[in-house]
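Letter by letter, the chains look like this.
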Amino acid sequence: MKITKAILLLCVFALTAFTIKTDTEAGYKVGDKIEDFKLKNIDNKMMSLSDFGEVKGYIIIFTCNTCPYSVANEDRIIALDKKYKAAGFPVVAINPNDPNVVPDDSFEKMQVRAKEKGFTFPYLLDEGQKVYPKFGATKTPHVYIVTANDMKVQYIGAIDNSSRNPDAVSEKYAENAVDALLAGKKVEKTDTRAIGCTIKTK
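Looking at an unreviewed UniProt entry, the chain carries the name Thioredoxin family protein, with the source organism given as Polaribacter aestuariivivens.

Engineer: Can you walk me through the state of the cysteines in this structure?
Structural biologist: Note on terminology: disulfide describes a covalent bond linking the sulfur atoms of two cysteines. Under the defined criterion, the tally for this structure stands at 1 disulfide. Put simply, Cys67 and Cys197 are joined by a disulfide, and their sulfur atoms are 2.1 Å apart. Residues Cys67 and Cys197 are joined through a disulfide that is right-handed, its torsion about the S-S bond being 85°. Here Cys67 is found in the loop between strand S3 (57-62) and helix H2 (68-84), whereas its partner Cys197 is found in strand S9 (residues 197-198), with 130 residues between them in sequence. Each member of the pair Cys67 and Cys197 is classed as buried. Among the cysteines around Cys64, which has no disulfide bond, Cys67 carries the closest sulfur, lying 5.1 Å off. On the basis of relative accessible area, Cys64 is assigned to the buried category, the value being 2%.

Engineer: What is the right way to read the sheet that holds S3 from this model?
Structural biologist: Pairing between sheet strands relies on hydrogen bonds along the backbone, with the strands arranged either parallel or antiparallel. Across the sheet, which stays open at both edges, the 7 strands sit in the order S2-S1-S5-S4-S3-S7-S8 with mixed pairing between neighbours. Only two strands of the sheet have a single neighbouring strand rather than two, namely strand S2 (46-47) and strand S8 (152-157). In terms of strand pairing, strand S4 (residues 91-95) meets strand S5 (residues 123-125) through 3 bridges, oriented parallel. Note on S5: the bridge partner recorded for Ala93 is Tyr123. Against the sheet, helix H3 (residues 107-117) touches strand S1 (39-41), S4 and S5, its axis set at about 170° to S5. Contacts from helix H5 (residues 173-182) reach S3, strand S7 (142-147) and S8 within the one sheet, and its direction differs from that of S7 by about 0°.

Engineer: In this structure, what is going on with the nonpolar core? I would like to understand it.
Structural biologist: For soluble globular proteins, the rule of thumb is that nonpolar side chains tend to be buried together. Ranked by internal contacts, the top residues of the largest apolar core, which has 29 residues, are Ile59, Ile61 and Ile145. For this core, the secondary structure elements donating two or more residues are S3, H2, S4, H3, S5, S7 and H5. Looking at this core, the element that brings in the most residues is H5, giving 6 residues. Those residues in contact with Ile145 that sit more than four places away from it in its chain are Tyr58, Ile59, Phe89, Lys152, Val153, Gln154, Tyr155, Ala174, Ala177, Val178 and Leu181. Of all hydrophobic cores here, the second largest spans 24 residues; its members include Met47, Leu49, Met151 and Val153.

Engineer: How should H2 be read in this particular structure?
Structural biologist: An α-helical turn contains 3.6 residues, so any two residues separated by three or four positions project in the same direction. With 17 residues, H2 extends 25 Å from end C-alpha to end C-alpha; this agrees with the ideal 24 Å at 1.5 Å per step. At Glu74, H2 shows its largest bend, some 45°. Turning to H2, its buried residues are Ser70, Asn73, Glu74, Arg76, Ile77, Ile78, Leu80, Asp81 and Tyr84. Of the surrounding secondary structure, the elements contacted by the buried residues of H2 are S3, S4, H3, strand S6 (139-140) and H5.

Cut-offs applied
- Residues numbered from 1 in each chain as written.
- Predicted model: local features only at pLDDT ≥ 70, side-chain atom pairs only at ≥ 80, totals over all residues.
- Heavy atoms only, no water.
- Disulfide = S-S within 2.5 Å.
- Helix = DSSP H or I, 4+ residues; strand = E, 2+ residues; numbered from the N terminus.
- Buried < 20%, exposed > 50% of the residue type's maximum accessible area, 1.4 Å probe, protein only.
- Pairing = 2+ DSSP bridges.
- Contact = heavy atoms within 4.5 Å.
- Axes fitted to C-alpha atoms, helices over the stretch in contact; angles between N-to-C directions.
- Core = buried A, V, L, I, M, F, W, Y, C linked by side-chain atoms within 4.5 Å.
- Expected span 1.5 Å × (residues − 1).
- Bend = angle between axes of the 7 residues up to and from the residue.

Right, here's the structure in full:
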């Protein structure tokens, strides 16, 4: 009798866990078509993906000023843009944090940080936090690689396999994905775990 009850409890727990996981899995998945968006860039101009014109795709990265993981990846994000923008895959950085919760993630502080680091890519504020939930982003940084011809997600996850230490990187997930797409090949690893800070909201 005790064994039967134990098995029943385990089944209930497993079902509950599965339900919770399913309910919280929101946003785009690999293969989904994304909607374009219009957000304010640090140059005070509104920007959409369509503004890039003839490109092959986008390396969309949800990041911010304040998360240690984002800060640790800033140089890598700059390197991604410098390497792939000319090849048709520019970086588009989006700050999803609510500046009322994290004042150092305000638009003005974004402008300062971009100037300090010499960002070579747009750095957009998700004002009202309307864009990141559509993507399903949960961390900063969180990467989405999208092809421009069909606006479909080809990769979701981390930049590479070392969230804090660039010297420990042994697998460059984002670079491998873009290299495959540029070569007309299938992306082998389409999903990895994004490691970083939770997106700050009220």
